[in-house]
Amino acid sequence: MPAERLAYSIQEAADLLGIHYYTMYRLIQRQKIKTCRVLRGKLLVPRVELVKLLQTDLK
Amino acid sequence: MNHNHIPTEQEEQVAAEANAVFAEQIKHFKNACGALQDIESNLTTIGNEAFKTALLSPGRTIQTDDGTEWRHGLDLSNITSICHRRTEAGLEFAIVECLSLPSGEQKEVLNSGHNVRDVLRDFLNDQKQVLNLWKDDVKEQVKEHLDKNYPRQDMGIVVESFEIKMSRAVSEIRSLAQNQSHGIRI
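What comes next concerns the included structure. (Residues numbered from 1 in each chain as written. Chains lettered and ligands numbered in written order. Predicted model: local features only at pLDDT ≥ 70, side-chain atom pairs only at ≥ 80, totals over all residues.)

Section: the overall build of chain A
Turning to step 1, where the next piece is worked out: Along the backbone of chain A there are three helices and three strands.
Turning to step 2, where the next piece is worked out: Helices and strands appear in chain A in the N-to-C order β-α-α-β-β-α.
Turning to step 3, where the next piece is worked out: Looking at the 59 residues of chain A, the share that counts as buried comes to 34%.
Turning to step 4, where the next piece is worked out: Across chain A, contacts joining residues at least 24 apart in sequence account for 44% of those joining residues at least 6 apart. (Helix = DSSP H or I, 4+ residues; strand = E, 2+ residues; numbered from the N terminus. Buried ≥ 20, exposed ≤ 12 C-beta atoms within 10 Å, placed from the backbone. Contact = placed C-beta atoms within 7 Å.)

The following block contains the structure:
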């Protein structure tokens, strides 16, 4: 994961986690992953959220 | 939305280009809508089958992340299944999602209850929210793509065409459900 990135698109985040992007939207809907937006743009997954997911489970 | 606007040749070209860029995502989106539509249109059959399976077959044990134990019944997709367990109040059903993440396997109860059809309905409603979230995000992705590639040009009609296409796919699930409920009343 490049250190300079603060956030990732849904597609990028899904690729990093090895899951389908539909599953990413499902996790977001269930508030298992927090997202942000730049202005009113597309959803972004903060790097910190991905690190959290990669280190722990989703309980 | 300006319904009277006739797309210019350039807008049509841009729409074709954007369709090619987002083709895969739209295909997956429509497949997801189709899968939900299949569940919705066969809700009674699936519910009956899940109930029958719960009565006749013990099924393999699944322990979910909240510590509860369920018996596997029917698969709804490659990651979701209808499970059941016996409680003092009778049979309880749950939609369980099994996800393989780098941190390990996650088994989560998405929806549960004693009436399997209600559980399926709750699941479908949640999934429709997911589709709307996905739809809104694709709209923003298309907007971003167009702003980057066609700066200072109003390509709102192209964005709208995506929104309409995706909204239609979601609403088809709804209309099917409405038709079914009318059928039940008769």
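The structure having been displayed, the exposition proceeds.
So, the sheet that holds strand E2 (residues 36–37) of chain A
Adjacent strands of a sheet form backbone hydrogen bonds with each other and so pair up, either parallel or antiparallel.
Residue and element names in this part refer to chain A.
Turning to step 1, where the next piece is worked out: Strand order in the open sheet made by the three strands is E1-E3-E2, with antiparallel pairing throughout. Across the chains shown, the open sheet's two edge strands, defined by having one partner strand only, are strand E1 (7–9) and E2.
Turning to step 2, where the next piece is worked out: Here E1 pairs with strand E3 (residues 43–46) via three bridges, running antiparallel. What sits directly across from Ala7, in E3, is Pro46.
Turning to step 3, where the next piece is worked out: Strands in contact with helix H1 (residues 10–17) are E1 and E3; relative to E1, the strand with the most contacts, it is inclined by about 100°. (Pairing = 2+ DSSP bridges. Axes fitted to C-alpha atoms, helices over the stretch in contact; angles between N-to-C directions.)

Some points on the sheet that holds strand E4 (residues 90–101) of chain B
All names here are of chain B.
Turning to step 1, where the next piece is worked out: Taken together, the five strands give an open sheet; going across it, the order is E1-E2-E3-E4-E5, and neighbouring strands pair in antiparallel fashion. Each having just a single partner strand, strand E1 (61–63) and strand E5 (104–113) make up the two edges of the open sheet. The mean angle between the axes of side-by-side strands here comes to 45°, regardless of whether they run parallel or antiparallel.
Turning to step 2, where the next piece is worked out: Bridge count for strand E2 (residues 69–75) against strand E3 (residues 80–87) is four bridges, and the pairing is antiparallel. Bridged to Asp75 within E3 is Ser81.
Turning to step 3, where the next piece is worked out: Along the sheet face, helix H3 (residues 43–56) touches E2, E3 and E4 and points at about 135° away from the line of E2.

Notes on the pairing of E2 of chain B
All names here are of chain B.
Turning to step 1, where the next piece is worked out: Pairing of E1 with E2, which is carried by three bridges, proceeds in the antiparallel orientation. Counterpart to Ile62 in the pairing with E2 is Trp70.
Turning to step 2, where the next piece is worked out: Counting the residues between successive antiparallel strands, the hairpin from E2 to E3 contains four residues.

Topic: the packing of H3 of chain B against helix H4 (residues 116–149) of chain B
All names here are of chain B.
Turning to step 1, where the next piece is worked out: The N-to-C vectors of H3 and H4 enclose an angle of 130°; their axes lie 9 Å apart at closest approach. Here H4 runs oblique to H3, going by the angle between their axes. You can see that H3 and H4 cross each other, and the crossing is right-handed. Of H4, the residues touching H3 (which contributes Leu43, Thr44, Ile46, Gly47, Ala50 and Phe51) are Val116, Arg117 and Leu120.
Turning to step 2, where the next piece is worked out: Tallied by class, the residues present in the contact of H3 with H4 amount to six nonpolar, two polar and one charged. (Parallel < 35°, antiparallel > 145°, perpendicular 65-115°, else oblique. Left-handed = near helix turned anticlockwise from the far one by under 90°. Nonpolar A, V, L, I, M, F, W, Y, C, P; charged D, E, K, R; others polar.)

Side note on the interface of chain A and chain B
Turning to step 1, where the next piece is worked out: Of the residues lining the interface, 20 residues belong to chain A; the matching set on chain B comes to 18 residues.
Turning to step 2, where the next piece is worked out: Contributing elements (two or more residues each) for the side of chain A that touches chain B: H1, helix H2 (21–29) and helix H3 (47–55) of chain A.
Turning to step 3, where the next piece is worked out: No other element matches the six residues that H2 of chain A contributes to the side of chain A that touches chain B.
Turning to step 4, where the next piece is worked out: Among the residues forming the side of chain A that touches chain B, the class breakdown is 10 nonpolar, six polar and four charged.

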